[in-house]
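# Secondary and tertiary structure notes
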Amino acid sequence: MNGFPEPIVILIEQFGRLPGIGPKSAQRLAFHIISLPEDQVETLIGALRQVKHGLTLCEQCCAVTDVSPCAVCGDPIRDRGAICVVQDTKDVIALERMRTYQGLYHVLGGAISPIDGVGPDQLHLRELFVRMADDHLKEVILATNSTIEGEATAQYIARLAHGFDGLAVTRIAHGLPVGGDLEYADEMTLARAFEFRRPL
Amino acid sequence: MKILRLDLLNFRAYEYSQIAFSSGLNIILGDNASGKTTILEAISMFAVGRSLRTRLDKELIRFGHPEAQLRIKIETLNDNYCDMAVKIGSKGKQIAVNGVRKKHMSEVLGHLYIVSFTPESLQLIKAGPEERRRFLNVAMAQCIHGYAEALRSYQHILQQRNHLLRMRQTNSLAIWNEQLSEFGARIIIERQRFSTEIAAGARALYESLAESSDHLSVQYRTQCSGASFAEVKQSMESMLARHLQTDIMRGYTTVGPHRDDLQILIDDHQAAKFASQGQVRTAVLALQLSLIDYIEAHNGESPVILLDDVLSELDEHRQRQLLKFVDTMQTIITTTHHSSTGWNSLQSVKVIRVNHGIISSEG
Ligand SMILES: Nc1ncnc2c1ncn2[C@@H]1O[C@H](COP(=O)(O)OP(=O)(O)OP(=O)(O)O)[C@@H](O)[C@H]1O
Ligand SMILES: [Mg+2]
Ligand SMILES: [Zn+2]
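Note that the coordinates shown come from a computational prediction; the quantities given were computed from them, not determined experimentally. (Residues numbered from 1 in each chain as written. Chains lettered and ligands numbered in written order. Predicted model: local features only at pLDDT ≥ 70, side-chain atom pairs only at ≥ 80, totals over all residues.)

So, on to the domain arrangement of chain B. It is common to report an interface's size as the accessible area lost on association of the parts. All names here are of chain B. Annotation of chain B at the domain level lists domain 1 (1-113 + 301-363) and domain 2 (118-299). Each of domain 1 and domain 2 was reduced to a C-alpha centroid, and the two centroids are 27 Å apart. Contacts between the two partners involve 17 residues from domain 1, matched on the other side by 17 residues from domain 2. Within the residue set of the side of domain 1 that touches domain 2, elements represented by two or more residues are α1 (36-48) and α10 (316-325). (Domains from an automatic or database assignment. Contact = placed C-beta atoms within 7 Å. Helix = DSSP H or I, 4+ residues; strand = E, 2+ residues; numbered from the N terminus.)

Below, the structure written as structure tokens:
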């Protein structure tokens, strides 16, 4: 990137640090910004500042929210007997789209991954264990991703949750996608779907 | 199964070359460092999913160029065709099978089967257990569906667990054991099954190649016991628990398929220690050739045979035996000189001359 004026180099570098953006895209984005009218750039800067300063973590479930407690935690109708544990706030939004789950959530903010320096202490686990001690709670549903790290995180929580009397720990089933053909499923998915079969 | 055509673009010493193969015997003829092995390396990429010479894709790209490309056209049974292409850049690979983009190199597996024999193949017996695990992994990845993925997941979990051990953070170690045992058991079961099956073939082949009554015995050795998947998994979990202190002390995981071995005995003696040069060569050849039967039985195709610079390693008798053995299959042989024996007596030989990355065919 020799030859570009310093401010452009810095901007390209910053874009390049974003997920899914390679050096070429970073350069394209940077030059796009340069070509924008000033007020549009100001709006963008404002939006960036707003997401950082206008957002906070829900004091109960640790989801990213603009008000704390968040809309789910603050809703008196929700069932306080169940907590669904997910990795990210976007998982909450995905599950809410399903419209059938009436319980609460807990957002970990990631999954345990030693290689990436993420251990139990880097996740919102302490907050979860405080909530588990609540007598109203009957079930913890582990809905971390079905990746190796998501599974290990579920294992970790399950082990500790078994120490709480009368608390059921469940893991969401991983299986075949609805509308998916059996023959196109990979072995792991098929094996899981078999393992978690149910009587009809 | 036949390879019809191979295109190489900025792949190692090749600027651009297209090679057409005959369905019988193909001889790649050229001086040292002319690019013969490179052709076999390119073919292996599609069968095994990676280069057998290097783990660093970057080394495959022609010096001074940003990316390399390979394309192969294969004819399978019943006149089906398969077209695979891979682009190797500094940031990774782009893969297509029959024009459909694939995410991972393991998705090319199962389209092309090869059995290869090279001077390095002798390491299979002479070197440590790692080489023998590699032999199993490379052979099994191409003909057992899902094996490569299981292996990759296993390695990934192992890395996570070893990282904790290295950092001496041992309290959340156990949460990796279940998954490690799950994939570990699957790998062990598959390797046991595979080894048992090729052992019988290898033994018969050894007897006929060596023309002796010595016998070759091949057996998978693992610390985990059990006959079923559930038993092996259970066994591995308890082995992990039992070796916890050792693991912590050493800073890495000491049990699992990544520590297993394929035991090779000639007349009940460990081949690595006691076999003669000739016995080693014959045993390795028998093992490699036993893969042919396995692939034919399980995958319903004859593999393509790749022989890198090995005719010179065998005496005339074995050369002829070997060529007769692979007679019905497409075979690609590299050599530095027009052989006086062996192949020039055979019919339908295609000679492909290589000269510093430039191809010219004859005959
Ligand atoms: N990335 C690369 N770019 C350009 N040239 C390369 C690259 N990698 C290897 N080479 C060259 O390719 C040549 C080796 O090719 P190869 O191993 O196929 O030769 P060979 O014909 O099998 O030789 P031998 O008979 O000695 O085994 C060497 O001259 C090497 O310098
Ligand atoms: Mg060579
Ligand atoms: Zn909340």
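Once that is clear, we can look at unusual backbone geometry. The omega torsion of the bond from S68 of chain A to P69 of chain A falls at -5 degrees, within 30 degrees of zero and hence cis. Summarising the element assignment, P69 of chain A is placed in the loop between β2 (64-65) and β3 (82-86). Positive phi, close to 50 degrees, is recorded for N98 of chain B, a residue that is not glycine. Tracing the backbone through its elements, the reader meets N98 of chain B in the loop between β6 (92-97) and β7 (100-102). Its 11 C-beta neighbours within 10 Å are what place N98 of chain B among the exposed residues. (Buried ≥ 20, exposed ≤ 12 C-beta atoms within 10 Å, placed from the backbone.)

In this section: the interface of chain A and chain B. Chain A puts 14 residues into the contact, and the matching count from chain B is 15 residues. Per-element tally for the side of chain A that touches chain B: the top contributor is helix α6 (residues 148-161) of chain A, with 6 residues.

With that settled, the discussion passes to the environment of A20 of chain B. Residue and element names in this part refer to chain B. Locating A20 in the fold gives a position in strand β2 (residues 14-20). We classify A20 as partly exposed; it has 14 C-beta atoms within 10 Å. In the structure, A20 is positioned 96 residues away from S116 in sequence and 19 Å away in space, judged by C-alpha atoms. Residues within four places of A20 in sequence aside, it is in contact with L4 and R5.

This brings us to the sheet that holds β3 of chain A. All names here are of chain A. The 4 strands lie next to each other as β4-β3-β5-β6, forming an open sheet whose pairing is parallel. Sheet topology places β4 (104-107) and β6 (168-171) at the edges, where each strand pairs with a single neighbour. Between one strand and the next, the sheet's axes are offset by a mean angle of 25 degrees, whatever the strand orientation. Both strand β5 (residues 139-142) and β6 contribute to a ladder of 4 bridges, which runs parallel. Directly across from V140, in β6, lies its bridge partner V169. Here α6 sits on the sheet and contacts β3, β5 and β6; the angle it forms with β5, its principal contact strand, is near 165 degrees. (Pairing = 2+ DSSP bridges. Axes fitted to C-alpha atoms, helices over the stretch in contact; angles between N-to-C directions.)

Ranked by size, the top nonpolar core spans 133 residues in total, and within it C61, V85 and Y105 of chain A together with I43, A283 and A286 of chain B carry the most contacts. Here this core gets 13 residues from one element, more than from any other, and that element is helix α5 (residues 177-210) of chain B. Discounting residues that sit within four places of it in the chain, I43 of chain B has contacts with I3, L6, I72, I114 and L306 of chain B. (Core = buried A, V, L, I, M, F, W, Y, C linked by C-beta atoms within 7 Å.)

This part takes up the site of ligand 1. In the neighbourhood of ligand 1, 16 residues make up the surrounding shell, with N32, A33, K36, T37 and T38 of chain B lying closest. Class assignment of the residues belonging to the shell around ligand 1 gives a composition of 4 nonpolar, 7 polar and 5 charged. (Near = placed C-beta within 6 Å. Nonpolar A, V, L, I, M, F, W, Y, C, P; charged D, E, K, R; others polar.)

Hydrogen bonds between backbone groups are what pair the strands of a sheet, and the pairing can be parallel or antiparallel. Residue and element names in this part refer to chain B. Within the open sheet, the 6 strands sit side by side as β2-β1-β4-β5-β6-β7. Their pairing is antiparallel. Pairing within the sheet leaves two strands with one partner each, and these edge strands are β2 and β7. Taken pair by pair, the neighbouring strands of this sheet meet at an average axis angle of 15 degrees, ignoring direction. Its contacts with the sheet place α1 against β1 (2-11), β2, β4 (68-76) and β5 (80-89), and it is angled at close to 110 degrees to β1.

With 99% of its residues at a pLDDT of 70 or more, chain A has an overall mean of 91. Per-element confidence in chain A is highest for β4 of chain A, whose mean pLDDT is 98, and lowest for helix α7 (residues 187-195) of chain A, whose mean pLDDT is 77. (pLDDT = per-residue confidence, 0-100.)

Here we take up helix α6 (residues 229-242) of chain B. One turn of the α-helix equals 3.6 residues, which is why residues spaced by three or four share an orientation. Residue and element names in this part refer to chain B. In a regular helix each residue adds 1.5 Å, so 14 residues correspond to 20 Å; α6 covers 20 Å between its end C-alpha atoms and thus fits that length. Of all the residues in α6, the buried ones are V232, K233, S235, M236, M239 and L240. Within α6, the buried residues cover an arc of 160 degrees as seen down the axis, which keeps them to one side. Relative to its buried face, α6 has exposed residues pointing more than 90 degrees away, namely A230, A241 and R242. (Expected span 1.5 Å × (residues − 1). Arc of directions from axis to C-beta.)

What follows is about the domain arrangement of chain A. With domains assigned, chain A is organised as domain 1 (6-54) and domain 2 (78-171). Just the C-alpha atoms count here: the centres of domain 1 of chain A and domain 2 of chain A sit 34 Å apart.

Residues and elements named next belong to chain B. Pairing of β1 with β2 involves 6 bridges; the strand directions are antiparallel. Of the residues in β2, the one forming a bridge with R5 is A20. Between the end of β1 and the start of β2, which pair antiparallel, lie 2 residues, with R12 showing a positive phi angle near 45 degrees.

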